[in-house]
Amino acid sequence: MQYYSLGKQSPNVNFKTAAITGQAPDKGLYFPMEIPKFTAAQIERFKTLDKATLAFEVMKPYVGGTIDDISLQEICAETINFDFPLVPITEHIASLELFHGPTLAFKDVGARFMSRCLGYFSQQEKAASKLEGSNISSPITTVLVATSGDTGGAVANGFLGVEGVNVIILYPKGKVSLIQELQLTTCGQNITALEVDGSFDDCQAIVKEAFMDGDLNQQYNLTSANSINVARWLPQQLYYFFAWQQWVQLNQDEQGNYPAMNIVVPSGNFGNICAGMMAKASGLPLGHFVAACNANDVVTRFLATEQYEIHQSVATVSNAMDVGNPSNFVRIMEILQNNFIHLTNALTSYSINDATTTSTIARVYKTHNYTLDPHGAVAFAAAEIYLSKNNFAKVVILETAHPVKFPEVVEEAIGEKIAIPNSVQFLLDKQKVSIPLAANYAAFKQWMLR
Ligand SMILES: *Cc1c(COP(=O)(O)O)cnc(C)c1O
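Residues numbered from 1 in each chain as written. Predicted model: local features only at pLDDT ≥ 70, side-chain atom pairs only at ≥ 80, totals over all residues. Heavy atoms only, no water.

Peer 1: Could you give me a rundown of the packing of aromatic side chains, with the residues and numbers involved?
Peer 2: The way to describe two aromatic rings as a pair is by their centre distance and the angle between their planes. One pass over the structure, following the stated rule, counts 20 aromatic pairs. Arranged with centres 5.6 Å apart and planes meeting at 15°, the rings of tyrosine 308 and phenylalanine 329 form a pair that is stacked. Within this pair, whereas tyrosine 308 is found in the loop between α13 (298-305) and α14 (329-335), its partner phenylalanine 329 is found in helix α14, the two being separated by 21 residues in sequence. Tyrosine 308 gets classed as partly exposed once you look at its relative accessible area, which sits at 31%. Summarising the aromatic geometry, the rings of tyrosine 441 and phenylalanine 444 are spaced 6.0 Å apart at their centres and angled 45° between planes, so their arrangement reads as tilted. Taken together, the positions of tyrosine 441 and phenylalanine 444, both in helix α20 (residues 441-448) and 3 residues apart, correspond to about one turn of that helix. Each member of the pair, tyrosine 441 as well as phenylalanine 444, carries the same accessibility label: buried. (Phe/Tyr/Trp six-rings, centres within 6.5 Å; stacked < 30°, edge-to-face > 60°. Helix = DSSP H or I, 4+ residues; strand = E, 2+ residues; numbered from the N terminus. Buried < 20%, exposed > 50% of the residue type's maximum accessible area, 1.4 Å probe, protein only.)

Pasting the structure below:
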């Protein structure tokens, strides 16, 4: 499998190069030359396949021989070794809980897969340079990531202890929750947390400038760990397959028929929903897609007006979706042959404001005894609008983070404390280690070249 740049000005590369470099030299996103197509017989077999085998079969064509089968099986099995339960909330809405991974966020899947792939490639390079008699053991790559809270934890946890890969995380001081901060700052080893005296936008601006800085790039092989990287984006397809397996189990009648599985995805950078649309394009029988957005509604407006107008991002209670210009939207357009009619047939989008988000958390808790996080609540509210126009439909919403990661908003809405899950209790005894940094590029560069 080769990947081409959507910028169309760079040579094609294999999965390994795409994963190590992240973005093409022309700044375009990589996209697979052909989307693998599963046959009806394969899809039928997928209904009952164990998760690890299914993950391997879905990822193998994308990896295209750059990782041997045994190693890829291991990588896949480790990536998905937790639960992805589909939990009915109402008669028409079920929640796919993607928060049972080590950092309680759906980003665990992509981060775990990407980190293990880079670890594999690093070992491979090391073995090759030994054969050539050289003894260079510099890291193959330095992952640089700005986080508003969720990405950082998943990346830190995913890459912890991966040889040959260093990770530098920039996060805004005082603007992430307690659990999120502990997830970022207590890893040690190859993970460094920079506590920036500024906003998330400041962190992101520093990272962007770093990727374009000749001096830094001479010294470091910088790569990003966000969903522009194919190794983080593509494995997100997997939980659509796992959801579908459960959907069929829950909903099929004696003849084996089942209602369409429509999917509502809380969207920011549109990597997650785009992965679902890839899964559908490769033959997984999924229904309609709904992109649930907060006030950052570029795509919602584009679907209504065919005008793509980028805005500065605005802060909301679902802050992991505060994205003004979603990077992965170009990939969705590519899947749909850059055709606006195809797009509107495949995708609907609703924008949900903060007041509705918090009242939805309160109402769903009260009526259905289910605690949504703010991102899941945006999806739930969008699902209700979709259902009001499609009376008999059933939908799955993606619950992308555990509510405990957003305690201020959720506890205020439900009027109760949320219990900290056992799996993250241990963090509370750990000591935060971070490096304070002024919110400007010069300070960052000086630290990097120290
Ligand atoms: C990252 C994130 C999203 C948005 O996912 P995209 O792939 O950027 O659209 C939604 N919810 C949570 C909790 C997230 O961390």
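Text resumes after the structure shown.
Peer 1: Just give me the short version of the sheet that holds strand β2 (residues 13-14), but keep the residues and values in it.
Peer 2: Spatially, the 3 strands line up as an open sheet ordered β2-β1-β3, and their pairing is antiparallel. Strand pairing shows two members of the sheet lacking a second neighbour, β2 and β3 (30-32), which therefore form its edges. Bridge count between strand β1 (residues 2-5) and β3: 3 bridges; the pairing is antiparallel. Counted as the bridge partner of tyrosine 3 is proline 32 from β3. (Pairing = 2+ DSSP bridges.)

Peer 1: Help me get a handle on the sheet that holds strand β8 (residues 191-197), residues and values and all.
Peer 2: An order of β9-β6-β7-β8-β14 is seen for the 5 strands of this open sheet, with the pairing classed as parallel. The open sheet has two edge strands, β9 (222-224) and β14 (435-438), and neither has a second partner. Between one strand and the next, the sheet's axes are offset by a mean angle of 30°, whatever the strand orientation. As judged from the 6 bridges shared by strand β7 (residues 165-172) and β8, these two strands associate in the parallel manner. (Axes fitted to C-alpha atoms, helices over the stretch in contact; angles between N-to-C directions.)

Peer 1: Account for helix α6 (residues 150-159), naming residues and giving values.
Peer 2: Helical geometry: 3.6 residues make up each α-helical turn, so side chains three or four residues apart lie on a common side. When you tally the buried positions in α6, you get 9 out of 10 residues, the bulk of the element. For α6, the complete set of buried residues consists of Asp150, Thr151, Gly152, Gly153, Ala154, Val155, Ala156, Gly158 and Phe159. Where the residues of α6 are buried, they touch α5 (107-131), β6 (141-146), β7, α7 (178-185), β8 and α10 (230-233). (Contact = heavy atoms within 4.5 Å.)

Peer 1: With reference to specific residues and values, describe the environment of proline 326.
Peer 2: Note that proline 326 resides in the loop between α13 and α14. The sequence separation of proline 326 and valine 299 amounts to 27 residues, and the corresponding C-alpha distance is 8.3 Å. Apart from the residues within four sequence positions on either side, proline 326 is in contact with Gly268, Asn269, Phe270, Val298, Val299 and Tyr308.

Peer 1: So, the nonpolar core: which residues are in play, and what are the values?
Peer 2: Core analysis: the biggest nonpolar cluster contains 103 residues, and Phe15, Phe121, Tyr239, Tyr240 and Leu343 have the highest contact counts within it. Beyond its immediate chain neighbours, meaning those up to four positions away, phenylalanine 15 contacts Met1, Tyr3, Tyr62, Val63, Thr66, Ile67, Phe113, Cys117, Phe121, Val230 and Ala231. Core analysis: the next-biggest nonpolar cluster, separate from the first, contains 38 residues, Ile89, Val264, Tyr365 and Leu427 among them. (Core = buried A, V, L, I, M, F, W, Y, C linked by side-chain atoms within 4.5 Å.)

Peer 1: Lay out the site of the ligand with the relevant residues and their values.
Peer 2: Neighbouring residues of the ligand: 15 residues in total, closest Lys107, Asp150, Gly268, Asn269 and Thr400. Glycine 268 places a polar main-chain atom, nitrogen or oxygen, 2.8 Å from an oxygen atom of the ligand. In the model, an oxygen atom of the ligand is placed 2.9 Å from a nitrogen or oxygen of the phenylalanine 270 main chain. About the coverage of the ligand: the protein hides 97% of its 380 Å² of free accessible area. (Near = heavy atom within 4 Å. Polar contact = N/O pair within 3.5 Å; in protein donor to acceptor, adjacent residues only side chain to side chain. Areas by Shrake-Rupley, 256 points an atom, 1.4 Å probe, with all protein chains shown as cover.)

Peer 1: Pulling in residues and values, what's your account of the environment of valine 424?
Peer 2: Structurally, valine 424 can be placed in helix α19 (residues 422-425). Valine 424 gets classed as buried once you look at its relative accessible area, which sits at 1%. Excluding residues that lie within four positions of it along the chain, valine 424 makes contacts with Pro102, Leu104, Ile179 and Gln183.

Peer 1: Give me the pattern of salt bridges: which residues, what numbers.
Peer 2: Counted by the stated rule, this structure contains 15 salt bridges. Residue lysine 405 is joined to aspartate 150 by a salt bridge in which the shortest nitrogen-to-oxygen separation is 2.7 Å. Residue lysine 405 is located in the loop between β13 (395-399) and α18 (407-414), and its partner aspartate 150 is located in helix α6; the two are separated by 255 residues in the primary sequence. Notably, a salt bridge pairs arginine 301 with aspartate 297, separated by 3.0 Å at the nearest N-O pair. (Salt bridge = Lys/Arg side-chain N within 4 Å of Asp/Glu carboxyl O.)

Peer 1: Which residues make up the pairing of β1, and what values go with them?
Peer 2: Direction of pairing for β1 relative to β2: antiparallel, over a ladder of 2 bridges. Looking at β2, one finds that tyrosine 3 is bridged to valine 13.

Peer 1: Give a detailed account of α5, specifying residues and quantitative values.
Peer 2: Taking 1.5 Å of rise per residue, the 25 residues of α5 would be expected to cover 36 Å, and the 36 Å separating its terminal C-alpha atoms lies within 8% of that figure. Positioned one or two residues after α5, glycine 133 has a phi angle of 85°, which is positive. (Expected span 1.5 Å × (residues − 1).)

Peer 1: Which residues make up the side chain of serine 10, and what are the values?
Peer 2: Along the chain, the position of serine 10 falls in the loop between β1 and β2. Judged by its relative accessible area of 13%, serine 10 falls in the buried class. A distance of 3.0 Å separates the side chain of serine 10 from the backbone nitrogen of aspartate 26, its partner in a polar contact. Excluding anything up to four places from it in sequence, serine 10 contacts Ser5, Ala24, Pro25 and Asp26.

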